[in-house]
Amino acid sequence: QGEALSRIGGLPTHIPEDVPWKGEEWEEWGFLLQLWGTDIPGCPEEVMCIQVYQQWEEGTEPLPELVVLKHDAKPIDDYADIHDHPDISEFRIEFEDRDEPQDLDVLADENSHVFDSKLGGLDPWKCGPKGAVFVGQITESTGGFIFGGVDLVIYLVDGKFITRMA
């Protein structure tokens, strides 16, 4: 079955070159999830995967940080300054196709999954900048995440990933 490339918890498969922490702060950050480029709708060819990290020390801001890795990223080793998040269990992300309405105005109870974690589909938040393409959203319930009661929403703008909290 092999190693799960899109995953939640544990450690990532590769080491990011640009990280959201500085120096020794890495000890306060934990790996949340990794989405492999082939699983991401519209992912630019030069992107191997995206990873999400979060500070986990009590009293720190719970907002997650997205990191983009290119194909030349080094595989993780025993010496990488990366921690798994202590509150997140490790599991493979399984994707399933679902039909969604094209517009929130026609949203019915049976379509309430538009607010679940997903890649692609209808953007229920519409919080990206003008011209942004909705990539997906990650909810707190997906992996037992704590984002301060909001969802992580991912967009592509001019070939670059950006995030919003909604």
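Computed from a predicted structure; not experimentally measured.

**Student:** An account of the nonpolar core is requested, with residue identities and associated values reported.
**Tutor:** Judged by nonpolar contacts, the single largest core of 21 residues is most densely connected at Leu 35, Ile 50, Phe 145, Ile 154 and Phe 161. Broken down by secondary-structure element, the contributors of at least two residues to this core are β3 (29-36), β4 (47-55), β10 (133-138) and β11 (152-157). Setting aside residues no more than four positions away along its own chain, Ile 154 makes contact with Leu 35, Ile 50, Leu 66, Val 133, Phe 134, Val 135, Gly 136, Phe 161, Ile 162 and Thr 163. Judged by nonpolar contacts, the second largest core, of twelve residues, contains Trp 26, Phe 31, Cys 49 and Ala 73.

**Student:** Any chance you could break down the pattern of salt bridges for me, citing the residues and the numbers?
**Tutor:** A full pass over the atoms with the stated rule returns three salt bridges. Two residues, Glu 94 and Arg 92, come together in a salt bridge whose shortest N-O distance is 4.0 Å. Accessibility expressed as a relative area gives 61% for Glu 94, which makes it exposed. With relative accessibility at 28%, the residue Arg 92 sits in the partly exposed group. Of the charged contacts in the structure, one is a salt bridge between Asp 116 and Arg 98, with a shortest N-O distance of 3.4 Å. Here Arg 98 lies in the loop between β8 (91-92) and β9 (118-119) and Asp 116 lies in the loop between β8 and β9, a separation of 18 residues in the sequence. Owing to a relative accessible area of 35%, Asp 116 belongs among the partly exposed residues under this scheme.

**Student:** Before we move on, can you summarise unusual backbone geometry with the specific residues and values?
**Tutor:** Not every positive phi belongs to a glycine, and Lys 126 is a case in point at roughly 50 degrees. Tracing the backbone shows Lys 126 in the loop between β9 and β10. The exposure class assigned to Lys 126 is exposed, which follows from its relative accessible area of 59%.

**Student:** Give me the layout of surface pockets: which residues, what numbers.
**Tutor:** Its volume calculated, the largest pocket comes out at about 660 Å³. For the largest pocket, the lining is made up of 26 residues, of which Phe 95, Glu 96, Ser 117, Lys 118 and Leu 119 are closest to its centre. Counting residues per element, the ones that place at least two in the lining of the largest pocket are β3, β8, β9 and β10. In terms of residue class, the lining of the largest pocket is made up of nine nonpolar, eight polar and nine charged. Volume-wise, the second largest pocket comes out at about 310 Å³. Along the wall of the second largest pocket there are 15 residues; nearest its centre are Ile 15, Pro 16, Glu 17, Asp 18 and Val 68. The element best represented in the lining of the second largest pocket is strand β5 (residues 65-70), accounting for six residues.

**Student:** Please set out the state of the cysteines residue by residue, giving values where relevant.
**Tutor:** The full count for this structure, using the stated rule, is zero disulfides. Counting only cysteine sulfurs, Cys 49 is the nearest neighbor of Cys 43, a cysteine outside any disulfide, at a range of 8.8 Å. With relative accessibility at 17%, the residue Cys 43 sits in the buried group. Overall, Cys 49 belongs to the buried group, its relative accessible area being 0%.

Reading guide: rules and limits
Residues numbered from 1 in each chain as written. Predicted model: local features only at pLDDT ≥ 70, side-chain atom pairs only at ≥ 80, totals over all residues. Heavy atoms only, no water. Core = buried A, V, L, I, M, F, W, Y, C linked by side-chain atoms within 4.5 Å. Buried < 20%, exposed > 50% of the residue type's maximum accessible area, 1.4 Å probe, protein only. Helix = DSSP H or I, 4+ residues; strand = E, 2+ residues; numbered from the N terminus. Contact = heavy atoms within 4.5 Å. Salt bridge = Lys/Arg side-chain N within 4 Å of Asp/Glu carboxyl O. 1 Å grid on protein atoms, 1.4 Å probe; cavity = no way out; pocket = protein on both sides within 12 Å on 5 of 7 lines; lining within 4 Å. Points joined across faces, edges and corners; volume = space filled by probe spheres on them. Nonpolar A, V, L, I, M, F, W, Y, C, P; charged D, E, K, R; others polar. Disulfide = S-S within 2.5 Å.

Keep in mind these values describe shape, not function.
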